[in-house]
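Structural characterization, general
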Amino acid sequence: MPVGNENNIVRLESKTLSSALATELGIPQPRFFKDAADAQGTPVIFKREHSFGGSGVYRPRTVQALQNLIDLEKGGNFLIEEYIDGEDRSVDAVRWKGYFRAECYRSLRQHGGQGPALEREKIEDQRLCRYARTLLDAIDYQGVCVFYCLGRHNLRSLHISL
């Protein structure tokens, strides 16, 4: 299925751009930090700007471990965001010429603790479906995508994967 235009792909694939768009649309996002000192004392996730399936995503346990990741990532193409403990959920969505359908899932088991779940079950979560539609409608996205969400009772993070 086509995915619309190149600008939409870039806008959703970029963690920085998609997070900014979600924030602009009122979709909850984690707190972001500019550097290791800014994040000191807060559990964080380090993410490469462009990565898929959990690659380039790390949970440093110390400020020094975070600084080491920053030092390794030349060019500053990364995000440091608040770590959110909770159940992983996902939304599979398709939007095409006025048609929209979304299904929500709860992760049952992960492989190695990163990336998409190996097993998941379908759940009802109209809020997540509404967030997915809001984001896709805002840029007139045409195609299929998956949204990964963290924080079972208080959604705090929504990430897009094309």
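Residues numbered from 1 in each chain as written. Predicted model: local features only at pLDDT ≥ 70, side-chain atom pairs only at ≥ 80, totals over all residues. Heavy atoms only, no water.

When helices and strands are counted, the chain shows 5 helices and 9 strands. Ordering the α and β elements of the chain from the N terminus gives α-α-β-α-β-β-α-β-β-β-β-α-β-β. Across the 162 residues that make up the chain, the buried fraction comes to 44%. Long-range contacts, defined here as pairs at least 24 residues apart, represent 61% of the contacts in the chain between residues at least 6 apart. (Helix = DSSP H or I, 4+ residues; strand = E, 2+ residues; numbered from the N terminus. Buried < 20%, exposed > 50% of the residue type's maximum accessible area, 1.4 Å probe, protein only. Contact = heavy atoms within 4.5 Å.)

As a further point, take the packing of helix α1 (residues 6-13) against helix α2 (residues 15-24). Taken N-terminus to C-terminus, the directions of α1 and α2 make an angle of 90°; their axes are 5 Å apart at the nearest point. When the axis of α1 is compared with that of α2, the two are roughly perpendicular. Residues Val10, Arg11, Leu12 and Glu13 of α1 form the contact with α2, whose own contacting residues are Lys15, Leu17, Ser18 and Leu21. Partitioned by chemical class, the residues of the contact of α1 with α2 number 4 nonpolar, 1 polar and 3 charged. (Axes fitted to C-alpha atoms, helices over the stretch in contact; angles between N-to-C directions. Parallel < 35°, antiparallel > 145°, perpendicular 65-115°, else oblique. Nonpolar A, V, L, I, M, F, W, Y, C, P; charged D, E, K, R; others polar.)

Moving on, we get to the pattern of salt bridges. One pass over the full model with this rule turns up 11 salt bridges. One salt bridge connects Asp140 with Arg95, and the closest N-O pair in it is separated by 2.9 Å. Of this pair, Asp140 sits in the loop between α5 (126-138) and β8 (143-150) while Arg95 sits in strand β5 (residues 88-96), and the two are 45 residues apart along the sequence. For Asp140, a relative accessible area of 45% gives the class partly exposed. Two residues, Lys122 and Glu103, come together in a salt bridge whose shortest N-O distance is 2.8 Å. (Salt bridge = Lys/Arg side-chain N within 4 Å of Asp/Glu carboxyl O.)

With 13 residues, α5 should cover 18 Å at 1.5 Å per step; its first-to-last C-alpha distance of 18 Å lies within 8% of that length. Residues of α5 that are buried: Leu128, Cys129, Tyr131, Ala132, Leu135 and Leu136. For α5, the arc enclosing every buried residue in end-on projection is 160°, short of the 170-degree limit, so these residues lie on one face. Positive phi shows up at Asp140, right after α5, with a value of about 55°. (Expected span 1.5 Å × (residues − 1). Arc of directions from axis to C-beta.)

This part covers unusual backbone geometry. Even without a glycine there, the phi angle at Lys97 is positive, about 45°. Here Lys97 is to be found in the loop between β5 and β6 (99-111). A relative accessible area of 66% places Lys97 in the exposed class. In this structure, Asp140 is a non-glycine residue whose phi angle is positive, near 55°.

Our focus in this paragraph is the nonpolar core. Core analysis: the largest hydrophobic core is formed by 21 residues, its most contacted members being Val91, Leu136 and Phe147. Only α2, β5, β6, α5 and β8 provide two or more residues apiece to this core. Broken down by element, the residue count for this core peaks at 6 residues, all from α5. Sequence-distant contacts of Leu136, defined by excluding residues within four places in its chain, comprise Leu12, Ala93, Arg95, Phe100, Tyr141, Cys145 and Phe147. One finds Ala36, Phe46, Phe78 and Ile80 within the second-largest nonpolar core, a separate group that totals 10 residues. (Core = buried A, V, L, I, M, F, W, Y, C linked by side-chain atoms within 4.5 Å.)

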